[in-house]
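Observations on chain architecture
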Amino acid sequence: MLQFFEWFWKAIGLYEKLGIQREIVVDGVTMEVSFQGFLNWLHGDLLDKGESVSAALAFCAGILICTIIPYLLGSLNAAIIVSKYKYHDDIRKYGSGNAGLTNMGRVFGKQGALLTLFGDILKQFLSVLIGIIACGELGAYFAGVFCMLGHIAPVYYHFRGGKGVLTAATMILMIDWQVFLIAAAIFALTVLITRYVSLGSILGGFALPGIVYISATMRGTFPSMPSLCFSLFIGMLLIFMHRSNIRRLFEGRENKLSFKKKEK
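Scope of this entry: the structure provided in the associated data block. The model shown is predicted, which means the values in this text are computed figures rather than measured ones.

Each value, and the rule that gives it
Residues numbered from 1 in each chain as written. Predicted model: local features only at pLDDT ≥ 70, side-chain atom pairs only at ≥ 80, totals over all residues. Heavy atoms only, no water. Helix = DSSP H or I, 4+ residues; strand = E, 2+ residues; numbered from the N terminus. Areas by Shrake-Rupley, 256 points an atom, 1.4 Å probe, with all protein chains shown as cover. Buried < 20%, exposed > 50% of the residue type's maximum accessible area, 1.4 Å probe, protein only. Polar contact = N/O pair within 3.5 Å; in protein donor to acceptor, adjacent residues only side chain to side chain. Contact = heavy atoms within 4.5 Å. Axes fitted to C-alpha atoms, helices over the stretch in contact; angles between N-to-C directions. Parallel < 35°, antiparallel > 145°, perpendicular 65-115°, else oblique. Nonpolar A, V, L, I, M, F, W, Y, C, P; charged D, E, K, R; others polar. Salt bridge = Lys/Arg side-chain N within 4 Å of Asp/Glu carboxyl O. Phe/Tyr/Trp six-rings, centres within 6.5 Å; stacked < 30°, edge-to-face > 60°. Patch = residues over 30% accessible without salt bridge, like charges linked within 9 Å, V, L, I, M, F, W, Y side chains within 5 Å. Bend = angle between axes of the 7 residues up to and from the residue. 1 Å grid on protein atoms, 1.4 Å probe; cavity = no way out; pocket = protein on both sides within 12 Å on 5 of 7 lines; lining within 4 Å. Points joined across faces, edges and corners; volume = space filled by probe spheres on them. Core = buried A, V, L, I, M, F, W, Y, C linked by side-chain atoms within 4.5 Å.

Focus: the overall build of the protein
What the protein contains, in helices and strands, is 11 helices and 2 strands. Accessible surface computed for the protein: about 13600 Å², of which carbon and sulfur atoms make up 68%.

Topic: the side chain of serine 227
Within the secondary structure layout, serine 227 lies in helix 10 (residues 225–241). Here serine 227 falls in the buried class, since its relative accessible area comes to 6%. Looking at serine 227, its side chain comes within polar contact range of the main-chain oxygen of serine 224, at 2.7 Å. Leaving out residues up to four positions away in the same chain, serine 227 has contacts with Glu137, Tyr141 and Val212.

Some words on the packing of helix 9 (residues 197–218) against helix 10
Between helix 9 and helix 10, whose axes approach to 7 Å, the crossing angle comes to 170 degrees. Between helix 9 and helix 10, the angle falls in the class roughly antiparallel. Between helix 9 and helix 10, the residues in contact are Ile202, Gly205, Phe206, Leu208, Pro209, Val212 and Tyr213 and Ser227, Leu228, Ser231, Leu232, Ile234, Gly235, Leu238 and Ile239, respectively. Split by residue class, the contact of helix 9 with helix 10 holds 11 nonpolar, 4 polar and no charged.

Details of the pattern of salt bridges
As enumerated under the stated definition, the model contains 5 salt bridges in all. We note a salt bridge from aspartate 90 to arginine 92, for which the minimum N-O separation is 3.1 Å. The shortest N-O distance in the salt bridge between arginine 253 and glutamate 251 comes to 2.4 Å.

Looking at the packing of aromatic side chains
In total, this model carries 6 aromatic pairs according to the counting rule given. Their ring planes at 15 degrees and their centres at 4.4 Å tell us that tyrosine 87 and phenylalanine 108 sit as a pair that is stacked. Taken as a pair, tyrosine 87 in the loop between helix 5 (78–85) and helix 6 (101–152) and phenylalanine 108 in helix 6 lie far apart in primary sequence, 21 residues in all. On the basis of relative accessibility, which here comes to 4%, the residue phenylalanine 108 falls in the buried class.

A few points about a nonpolar patch on the surface
A grouping of Leu64, Ile65, Ile68, Ile69, Leu72, Leu76, Val155, Tyr156 and Phe159 is seen on the molecular surface, where their side chains present a nonpolar patch of about 790 Å² in accessible area. With respect to the secondary-structure elements, isoleucine 69 resides in helix 4 (residues 52–74).

Topic: the environment of valine 107
For valine 107, the location among the structural elements is in helix 6. By relative accessible area, which is 3% here, valine 107 ends up buried.

Overview of helix 9
Remark: the principal bend of helix 9, roughly 45 degrees, maps to leucine 208, with a proline, proline 209, within the next four residues. Looking at the residues trailing helix 9, positive phi occurs at glycine 220, about 80 degrees.

Here's the deal with the layout of surface pockets
The space that makes up the largest pocket amounts to roughly 910 Å³. Forming the walls of the largest pocket are 44 residues, and the residues nearest its centre are Val165, Leu166, Phe187, Val197 and Ser201. Only helix 6, helix 7 (165–175), helix 8 (177–194), helix 9 and helix 11 (243–251) provide two or more residues apiece to the lining of the largest pocket. Take the lining of the largest pocket: its biggest share by element is 10 residues, from helix 6. By residue class, the composition of the lining of the largest pocket is 21 nonpolar, 18 polar and 5 charged.

Topic: the nonpolar core
Counting residues in hydrophobic clusters, the biggest one holds 30 residues, and the most contacted among them are Val128, Met148, Met171, Ile175, Val179, Leu208 and Ile234. Secondary structure elements with two or more residues in this core: helix 4, helix 6, helix 7, helix 8, helix 9 and helix 10. The biggest single contributor to this core is helix 6, with 12 residues.

A look at unusual backbone geometry
Positioned with a positive phi, histidine 158 is a non-glycine residue whose angle comes to about 60 degrees. Mapped onto the elements of the fold, histidine 158 is located in the loop between helix 6 and helix 7. The exposure class of histidine 158 is exposed, given its relative accessible area of 68%. Positive phi, normally seen in glycine, also occurs at phenylalanine 159, with a value near 60 degrees. With respect to the helices and strands, phenylalanine 159 occurs in the loop between helix 6 and helix 7.

Observations regarding the environment of phenylalanine 142
Considering the arrangement of structural elements, one finds phenylalanine 142 in helix 6. Owing to a relative accessible area of 22%, phenylalanine 142 belongs among the partly exposed residues under this scheme. The sequence separation of phenylalanine 142 and serine 127 amounts to 15 residues, and the corresponding C-alpha distance is 9.3 Å. Residues in contact with phenylalanine 142, not counting those within four places in the same chain, are Ile63, Cys66, Thr67 and Phe230.

Below, the structure is given as structure tokens:
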């Protein structure tokens, strides 16, 4: 899916319309403003050409765009916004105290959960698009992760947000739909069998790096370094964010899946 977005932007001339320079020509050598282009610069392929610094600066500026804007978008926590303006309350006061989809469903019912679902998918969708436009694959991963971090620690809400599962899933779907389908299947089967949403999220995060590696090798390629590094980070972050759930699972106190509205 990442390749589709790249092709689409070039097909409609979006880079030119926005004035985004994805390739820099240095004395007849075309250098892509991308992760690989930056590696080439570090390796010294164009080190003897002073203009190559422009490519590195353009890349670094792109990475800044892929981190700051997505973090601010991610900080717009849909669960907090919906609970405040629709229900005139704060979701973090109830249930598990988590400002996320599952807790919204438990506390405010299906309508609250659907509004949260739409809002969290939208902000990650926009974030990854910004990343793809600015820096390609690496930009997509940076943007997706920083949107996820904004969701977890929103600057607008005293750094108390959700656990980042939905934002992580949206990012994976946009970058590699095959990896998403496998991870989603693990999540769905776990929840279907155990009715523990948290356990499905934990197992999905744990399996993510392996899924990325196996999926790439099955297609006859080796996974890119960004995909391996970021999948490992995302998986570890998801497990860390569910540490209280892990404790409750061992103690037998974890809530099972239910979208029936609870009494507050």
